[in-house]
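Summary of the model geometry
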Amino acid sequence: MASSHSSPVPQGSSSDVFVKKEVDPTKHIRPVQSLPDVCPKEPTGDSHSLCVAPSLVTDQHKWTIYHSKVNLPAALNDPRLAKRESDFFTKTWGLDFVDTEVIPSFYLPQISKEHFTVYQQEISQREKIHARCKNICPPKDTFDRTLLHTHDKSRTDLEQVPKLSHYLDIVEVNIAHQISLRSEAFFHAMTSQHELQDYLKKTSQAVKMLRDKIAQIDKVMCEGSLHILRLALSRNNCVKVYNKLKLMATVHQTQPTVQVLLSASEFVGALDLIATTQEVLQQELQGIHSFRHLGSQLCELEKLIDKMMIAEFSTYCHSDLNRPLEDDCQILEEERLVSLVFGLLKQRKLNFLEIYSEEMIITAKNIIKQCVINKVSQIEELDTDAVTKLADQMRMLNFPQWFDLLKDIFFKFTVFLQRVKATLNIIHNVVLSVLDKNQRTREMEDILQQKNAAKDNSLDTEVAYLIHEDIFISDAFSESELTPITSDTTSQRNASPNSEPCSSDSVSEPECTTDSSSSKEQTSSSAIPGGVDIMVNEDMKLTDLELGKLANNIQELLYSASDICHDRAVKFLMSRAKDGFLEKLNSTEFITLSRLMETFILDTEQICGRKSMSLLGALQSQANKFVNRFHEERKTKLSLLLDNERWKQADVPAEFQDLVDSLSDGKIALPEKKSGAKEERKPAEVLIVEGQQYAVVGTVLLLIRIILEYCQCVDNIPSVTTDMLTRLSDLLKYFNSRSCQLVLGAGALQVVGLKTITTKNLALSSRCLQLIVHYIPVIRAHFEARLQPKQYSMLRHFDHITKDYHDHIAEISAKLVAIMDSLFDKLLSKYEVKAPVPSPCFRNICKQMTKMHEAIIDLLPEEQTQMLFLRINASYKLHLKKQLSHLNVINDGGPQNGLVTADVAFYTGNLQALKGLKDLDLNMAEIWEQKR
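**Focus on the overall build of the chain**
A count of helical and extended segments in the chain gives 29 helices and four strands. Here the chain, with 932 residues, has 35% of them falling under the buried criterion. Long-range contacts, defined here as pairs at least 24 residues apart, represent 78% of the contacts in the chain between residues at least 6 apart.

Written as structure tokens, this is what we have:
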């Protein structure tokens, strides 16, 4: 029955009916292979006609993966294995892929019948109402009664089916019934079935021919080209995979390479390699499971390198500063130093100068200690067993030994500072090179920004032109972008220093590069003055402010090195000065010490560029103590000389005359002692100074030498000029005041035991003062040449001293006049105008005048003698006139007038007969009073 109702439509070939959707061939990278054991291929079709992708014409019956009905679990569960491999997924998808049970969701509650209780209670009422309404209002009969009857009958027939085997017959009867109801349409369709079948046959043949032609065209024209494109795409993919694997292999060698670099102290190279590898991991190898821990390992390695660089720099500083100072090499392992500094700058470890500063302090201490040990060990006289402390052993050295030790310390400090300067210059040049690179980088960025701005402007102009000329803008853009893209692809970078270049026969050059490498490894080469070439990387992210501050700190560290040496030298001096050793030095020793210290101060200032004040202050302090002791010794010596001076004319030794002669050219300096046999020269009676004779006492000769010692000390120790000027002024004032007390004040009567102060003592004191006054301008000029302009006000001390000396000289002259004045008063008060002529009074006056003349004529110069006797003569005339007025003797030509005139003539004649007073105008006419 089923066959009688079968459709008479003819069946076409399977190739005409089934059309398989062709898969995009570009998605296939390699030939598809089936699973051999689970899903074998069906032996259909020709084995020679197999191709990569299924064909709609020739491969309609060939089994492909598209016919597979096997699911993934069936493919993975190999029935031959007793147990599935546990590492199948974990090996590919990670350790976290394990079989776990699905935990019920906490957000979905457990549903039971009790949850529907409320709903059933609500719906039951509505159901009752609905049933009641249905009974009240039955549905309208809108269906055909015939159809309803037929439906009921069919329903009845269906309900009468006793068994399932009768179901097919019932269905066929119902189908035949339905066909009979539509017999007219069915037979109408059957009449056109043959015609439709012819049309379908022709269409099928046409489609087959078209498909054959398309297959031939595809095979001849498209299949080869597509195959070439597939091969090119596969090749590119293989190249990318190869490059990726090669990059992975290079990255895999990062840690061993870093270890090799660190073993050679190539910290900068190791840090660059780590930075490059980190960038590659973040950009090109991101997500690679095998490298998931490499990033953190490299970070820890970078921290380790930081600690290694700090330790290496500390070791370098210790080795450099503590090597023998006799070594001529200024810089120890310059390349190593440059590498360390670049590494520290790269890691922003800017506190490495503190390490160098601490090492400098330790080295300075060791230099002094080692010098003292070497010097003490060379002296056999020292009992090192009895004196155990090194400082105590050093204090047992005499001045020549201690001076040699100090000279050795200063020499080694000078070499030490030169080494420090050379090392800091290298560090400073490295910092400046980085700073210069930053500035040039900013300049290049500004230039590129300007070029890009100009390019944008020109691009806008070209766009406007292209729009006007109806040219495709996209084509123009692609042509303009072709050149930079090509140039970018030619940039290369090696992921590590030991990476090999790509092979030209297997991988093309553009595909061997990475984008991150071309942007990062832009370096510039510069040269350190020491001869070391350096590469400055752009990844040193230090600001100009930080670099400038670091450069200033380097210069300050050089100043600090000078201060450290000076401070240690000061402590060495103070440890030796505890027992007053430096204060007990004589002038020659202290001057030698002062010159040595000043030379060291100048050397360190020349090396470091700044004068350190600690040693200079210590020298000034010791110089002040020396000046005080120097002055006190000479003042005490002068005081002793004055206390023992008898104020008699002393012979002038030849050496003092030579000393005075050396001052004739205005230069003050103590003459050097001539070696060999001394010439025996007799001392002179007077001192010849610029053609004038000076009769002096022995104290003044020594005072002149003391004055020259003050001036010589100023030349030897310029820093004590002002102090020496003050002390010398005090000494000159002391001599003036003390000589005044002894001579004018008659203090020598008690001090020395003189019986009286004679006119000769007074004249000799005056001449000594005149000699000192003669040299005060020379002394003033000597100090003025060594003072600063702002210190010229101190020269007023010499003006005050000159005035005091002149006043003292005037007081002595007045004293001499006063002596004769009292004599005149005593003698002339008893004068009587009577015979004989000359009277005894005038004879006595002339005798005293002669004694005065004899006392001073060889001491004072002729001019001063004449001035003195003019003043004495004025006093004489005054007293004579007073006595004549008392005696009422007038110029009347009488006998008394004649007697007085004879006495006056005798006085005048005797006075003018004295040496140097012949031309003295006495003018005795003033003694007479004219009677009215």
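**Here we look at empty space enclosed by the protein**
What the rule picks out here adds up to two cavities of 30 Å³ or more. Secondary structure elements with two or more residues in the lining of the largest cavity: α22 (698-716) and α25 (759-784). Cys846, Met849, Thr850, Tyr907, Asn910, Leu911 and Leu914 are the residues that line the second largest cavity. Of all the secondary-structure elements, those providing two or more residues to the lining of the second largest cavity are α27 (840-856) and α29 (895-912). Broken down by class, the residue content of the lining of the second largest cavity amounts to five nonpolar, two polar and no charged.

**Details of the nonpolar core**
For soluble globular proteins, the rule of thumb is that nonpolar side chains tend to be buried together. Within the largest apolar cluster, 200 residues are counted, with the highest numbers of intra-cluster contacts made by Ile305, Trp402, Phe783 and Tyr876. A per-element tally of this core places helix α15 (residues 399-469) first, with 20 residues. Contacts of Tyr876, omitting those with residues within four sequence positions, involve Phe824, Leu828, Phe842, Ile845, Val904, Tyr907 and Met924.

**Some details on the confidence of the model for the chain**
Confidence along the chain averages 75 in pLDDT terms, with 73% of residues attaining 70 or more. Note on residues 1-53: pLDDT under 50 across the span, and 52 contacts to partners over four residues away in sequence or across chains. In this model, residues 463-527 is a region of pLDDT below 50 whose contacts with residues beyond four sequence positions or in other chains number 81 contacts.

**Quick notes on the environment of Ala311**
Considering the arrangement of structural elements, one finds Ala311 in helix α11 (residues 294-322). For Ala311, a relative accessible area of 42% translates into the label partly exposed.

**Structural notes on the packing of α27 against α29**
Taken N-terminus to C-terminus, the directions of α27 and α29 make an angle of 15°; their axes are 10 Å apart at the nearest point. One finds that α27 runs roughly parallel with respect to α29. Here the hand of the crossing between α27 and α29 comes out right-handed. Counted together, Phe842, Arg843, Ile845, Cys846 and Met849 of α27 and Asp903, Val904, Phe906, Tyr907, Asn910 and Leu911 of α29 form the full contact between these two elements. Of the residues belonging to the contact of α27 with α29, the class tally is eight nonpolar, one polar and two charged.

**Looking at the side chain of Asn716**
The residue Asn716 is located in helix α22 in this model. Not counting chain neighbours up to four residues away, the residues in contact with Asn716 comprise Ile591, Arg595 and Glu598.

**Remarks on α25**
Across its 26 residues, α25 extends 38 Å between first and last C-alpha, which sits within 8% of the 38 Å expected from 1.5 Å per residue. When the local axis directions of α25 are compared, the greatest deviation, roughly 30°, occurs at Ile776, which is followed within four positions by the proline Pro777. Across the 26 residues of α25, 19 count as buried, placing the element largely inside the fold.

**Quick notes on the packing of α22 against α25**
Two elements in contact, α22 and α25, have axes separated by 11 Å at closest approach and are oriented at 5°. With respect to each other, α22 and α25 are oriented roughly parallel. Taking contact as the criterion, the partners of Val700, Leu703, Ile704, Ile707, Cys711, Val714 and Asp715 in α22 are, on α25, Cys768, Leu771, Ile772, Tyr775, Ile779, His782 and Phe783. In terms of residue class, the contact of α22 with α25 is built from twelve nonpolar, one polar and one charged.

**Remarks on the side chain of Lys877**
Relative to the assigned elements, Lys877 resides in helix α28 (residues 862-887). Residue Lys877 is classed as buried on the basis of its relative accessible area, which comes to 12%. Not counting the four nearest positions on each side in its chain, Lys877 is found in contact with Leu922, Asn923, Met924, Glu926 and Ile927.

**Thoughts on a nonpolar patch on the surface**
A grouping of Ile111, Phe116, Tyr119 and Ile123 is seen on the molecular surface, where their side chains present a nonpolar patch of about 410 Å² in accessible area. Structurally, Ile123 can be placed in helix α4 (residues 117-136). Accessibility expressed as a relative area gives 31% for Ile123, which makes it partly exposed.

**Looking at the packing of aromatic side chains**
According to the stated counting rule, one finds twelve aromatic pairs in the structure shown. Aromatic pair Phe630 and Tyr710: ring centres 4.9 Å apart, planes at 75°, arrangement edge-to-face. Taken together, the positions of Phe630 in helix α20 (residues 614-643) and Tyr710 in helix α22 put the pair 80 residues apart, joining distant regions of the chain. Grouping residues by exposure puts Phe630 and Tyr710 together as buried. Three or more aromatic residues joined by ring pairs make a cluster, and in this case those are Phe824, Tyr831, Phe842, Tyr876 and Tyr907. The ring of Tyr694 is capped by Arg767, whose NZ or CZ atom sits 3.8 Å from the centre of that ring. Above the ring of Phe906, the side-chain terminus of Arg843 is found at 5.7 Å from the ring centroid.

**Looking at the pattern of salt bridges**
Two side chains of opposite charge can pair, provided their charged atoms sit close to one another. Enumeration over the complete set of coordinates arrives at eleven salt bridges. Put simply, Arg634 and Glu709 hold a salt bridge, and the shortest N to O gap is 2.7 Å. Taken as a pair, Arg634 in helix α20 and Glu709 in helix α22 lie far apart in primary sequence, 75 residues in all. A single burial state applies to Arg634 and to Glu709, both of which are buried. Put simply, Arg738 and Asp643 hold a salt bridge, and the shortest N to O gap is 2.5 Å. Of this pair, Arg738 sits in helix α23 (residues 721-744) while Asp643 sits in helix α20, and the two are 95 residues apart along the sequence. For Arg738, a relative accessible area of 19% puts it in the buried group. On the basis of relative accessibility, which here comes to 22%, the residue Asp643 falls in the partly exposed class. Among the ionic contacts, a cluster of salt bridges with common partners joins Arg629, Glu633, Arg634 and Glu709.

Calculation notes
Residues numbered from 1 in each chain as written. Predicted model: local features only at pLDDT ≥ 70, side-chain atom pairs only at ≥ 80, totals over all residues. Heavy atoms only, no water. Helix = DSSP H or I, 4+ residues; strand = E, 2+ residues; numbered from the N terminus. Buried < 20%, exposed > 50% of the residue type's maximum accessible area, 1.4 Å probe, protein only. Contact = heavy atoms within 4.5 Å. 1 Å grid on protein atoms, 1.4 Å probe; cavity = no way out; pocket = protein on both sides within 12 Å on 5 of 7 lines; lining within 4 Å. Points joined across faces, edges and corners; volume = space filled by probe spheres on them. Nonpolar A, V, L, I, M, F, W, Y, C, P; charged D, E, K, R; others polar. Core = buried A, V, L, I, M, F, W, Y, C linked by side-chain atoms within 4.5 Å. pLDDT = per-residue confidence, 0-100. Axes fitted to C-alpha atoms, helices over the stretch in contact; angles between N-to-C directions. Parallel < 35°, antiparallel > 145°, perpendicular 65-115°, else oblique. Left-handed = near helix turned anticlockwise from the far one by under 90°. Expected span 1.5 Å × (residues − 1). Bend = angle between axes of the 7 residues up to and from the residue. Patch = residues over 30% accessible without salt bridge, like charges linked within 9 Å, V, L, I, M, F, W, Y side chains within 5 Å. Areas by Shrake-Rupley, 256 points an atom, 1.4 Å probe, with all protein chains shown as cover. Salt bridge = Lys/Arg side-chain N within 4 Å of Asp/Glu carboxyl O. Phe/Tyr/Trp six-rings, centres within 6.5 Å; stacked < 30°, edge-to-face > 60°. Lys NZ or Arg CZ within 6 Å of the ring centre and 35° of its normal.

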